[in-house]
Amino acid sequence: MAGDQGYYLAPPCDGSQVRALLDTNILIRHLTGDPPSQAKRATAFLRGEHDLILTDLVLAEMLYVLESFYEVPRTEIARMARSLLALPSIAAGDHDLLLRAVEIYEVIRLNFAEAYLVALAELSDVKRVASFDRSIDRVKSIQRGVASFDRSIDRVKSIQRVEP
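The present account deals with the structure reproduced in this document. For clarity, every value in this text was computed on a predicted model and none was experimentally measured. (Residues numbered from 1 in each chain as written. Predicted model: local features only at pLDDT ≥ 70, side-chain atom pairs only at ≥ 80, totals over all residues. Heavy atoms only, no water.)

### Focus: the packing of aromatic side chains
Counted by the stated rule, this structure contains three aromatic pairs. A centroid spacing of 4.9 Å and a plane angle of 80° characterise the contact between phenylalanine 69 and tyrosine 70, whose relative ring orientation is edge-to-face. Classification of tyrosine 70 as partly exposed rests on a relative accessible area of 23%. When the centroid spacing of 6.4 Å and the interplanar angle of 50° are considered together, the rings of phenylalanine 112 and tyrosine 116 count as tilted. Linking phenylalanine 112 with tyrosine 116, this pair stays in helix H6 (residues 112-123), spanning four residues, or about one helical turn. Taken together through their ring pairs, the aromatic side chains of Tyr105, Phe112 and Tyr116 make up a single cluster. (Phe/Tyr/Trp six-rings, centres within 6.5 Å; stacked < 30°, edge-to-face > 60°. Buried < 20%, exposed > 50% of the residue type's maximum accessible area, 1.4 Å probe, protein only. Helix = DSSP H or I, 4+ residues; strand = E, 2+ residues; numbered from the N terminus.)

Listed below in structure tokens is the structure:
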């Protein structure tokens, strides 16, 4: 939670004209060219000497919009995400985490939320993701579920509902 000392998002860049949090619509306009008038302004803004902060949530929303609304292929979306993260004007809290999440999203074909969790598990000391999503099992560097959690689920399956 933001307090008197502020909330750490990303290190400031030197000599920037504007320091701002990026919204998804700026990125979508830049990447799709839709609508052209806003796309031109978004591209110019992203190419400027600014200090723009890309949050994990905005990157996730961008991937979702490109995939679901614009029907952009996953490999192209991953390329777009990497190109944005490479822009000198864009800072992120953890570039390595986002790049690994994008790689998992593209190569292992997990949805981005699961890809992000897997990447975070890999890069941290928490090597397990509690999830019902068995697609996570395709990533061998982490474990899915918790033994006691899985046993609890098996017990619940064997209990029949009693109607009053």
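### Notes on the nonpolar core
One finds Leu27, Leu59, Met62, Leu63, Leu66 and Phe112 to be the most contacted residues of the largest nonpolar core, which totals 38 residues. Sorting the residues of this core by element identifies helix H1 (24-32), strand S2 (51-54), helix H3 (56-68), helix H4 (74-86), strand S3 (90-92), helix H5 (95-107) and H6 as the ones contributing at least two each. Residue contacts for leucine 66: discarding those within four places in its chain leaves Ile28, Leu31, Thr32, Glu71, Val72, Ile77 and Met80. (Core = buried A, V, L, I, M, F, W, Y, C linked by side-chain atoms within 4.5 Å. Contact = heavy atoms within 4.5 Å.)

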